[in-house]
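Structural features, examined
Single-letter residue listing:
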Amino acid sequence: NAGVMQNPRHLVRRRGQEARLRCSPMKGHSHVYWYRQLPEEGLKFMVYLQKENIIDESGMPKERFSAEFPKEGPSILRIQQVVRGDSAAYFCASSPPGAETQYFGPGTRLLVL
Amino acid sequence: KNQVEQSPQSLIILEGKNCTLQCNYTVSPFSNLRWYKQDTGRGPVSLTIMTFSENTKSNGRYTATLDADTKQSSLHITASQLSDSASYICVVSPPSLTTDSWGKLQFGAGTQVVVTP
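A few points on the structure. Remember, predicted model here, so these are calculated numbers, not experimental data.

Calculation criteria
- Residues numbered from 1 in each chain as written.
- Chains lettered and ligands numbered in written order.
- Predicted model: local features only at pLDDT ≥ 70, side-chain atom pairs only at ≥ 80, totals over all residues.
- Heavy atoms only, no water.
- Contact = heavy atoms within 4.5 Å.
- Buried area = accessible area lost by both parts, 1.4 Å probe.
- Salt bridge = Lys/Arg side-chain N within 4 Å of Asp/Glu carboxyl O.
- Polar contact = N/O pair within 3.5 Å; in protein donor to acceptor, adjacent residues only side chain to side chain.
- Pairing = 2+ DSSP bridges.
- Helix = DSSP H or I, 4+ residues; strand = E, 2+ residues; numbered from the N terminus.
- Axes fitted to C-alpha atoms, helices over the stretch in contact; angles between N-to-C directions.
- Buried < 20%, exposed > 50% of the residue type's maximum accessible area, 1.4 Å probe, protein only.

1. Details of the interface of chain B and chain A
Taken together, the contact pairs 20 residues of chain B with 20 residues of chain A. Summed over both partners, the interface of chain B with chain A comes to about 1600 Å²; 55% of that surface belongs to carbon and sulfur atoms. Inspection of the chain B/chain A interface yields zero salt bridges. In this assembly, chain B and chain A are joined by three residue pairs in polar contact (both at pLDDT 80 or more).

Structure representation (structure tokens):
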């Protein structure tokens, strides 16, 4: 059973461009979580999704950020019109229904020039 | 102010020696406290999870303790190995982690541990 997969592992964007980060949960996991980790800071929760539903997006900025977890395919975290402050590591985690333990992916490191 | 403070920020330890990491939190009430290990360039991996009623939990050479009265937790690494070099993160959960409370998870900034030969 492959672990949580994220791609790309590294992403470079210029200010104003769009960034798309993908996350494939572990097999059998229907819950996906996205976190952001700024340099020298702890992880910060962004959004919690189940298939085709956003359950909790209280940690996600209201503008420019969106997330989806379609019925088929990976979960996508989308950042529009990126700014330098968006540079961070973005981690995805997944869990099966009813479980609190989350399994993290390797992260996508976004650098905005 | 962060509700979960970890110390030290970083430490260097000789292979084979023991070390203890600290986590102080102000989250109250809370349901459980977790310790994660995060290798450089990797995602966090769960080491231990303790409810507020548990005092200690072990996972191999890792032993976590919890004092809910003083709101302190520690992670003790015994007979450190080079592979223990990583960041160790303390995470506190609010009571009844429900569908709309994930945003209340509180993460510490981590303690960076470097084990040298």
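And the narrative resumes.
2. Section: the sheet that holds strand β7 (residues 62-67) of chain B
For sheets, the rule is that strands pair by backbone hydrogen bonds, running either parallel or antiparallel. Residues and elements named next belong to chain B. Taken in spatial order, the five strands line up as β1-β3-β8-β7-β6 in an open sheet, and their pairing is antiparallel. Among the strands making up the open sheet, the edge pair consists of β1 (4-7) and β6 (56-59). For this sheet, the mean inter-axis angle between neighbouring strands, taken without regard to orientation, is 15 degrees. In this structure, β7 lies alongside strand β8 (residues 72-77), joined through six bridges in antiparallel fashion. For D67, the partnering residue across the bridge sits in β8 and is Q72.

3. Quick notes on the pattern of salt bridges
Close approach of charged atoms lets side chains of opposite charge pair. Evaluated as defined, the whole model comprises six salt bridges over all chains. Of the charged contacts, one joins A:E18 and A:R78 as a salt bridge, the two residues approaching to 2.8 Å between their closest N and O atoms. Of this pair, A:E18 sits in the loop between β2 (10-13) and β3 (19-24) while A:R78 is found in strand β8 (residues 75-79), placing the two residues 60 residues apart along the sequence. Under the relative-accessibility criterion, A:R78 is labelled partly exposed at 27%. Here B:E54 and B:K57 are joined by a salt bridge, their closest N and O atoms 3.5 Å apart. The exposure class assigned to B:K57 is partly exposed, which follows from its relative accessible area of 27%.

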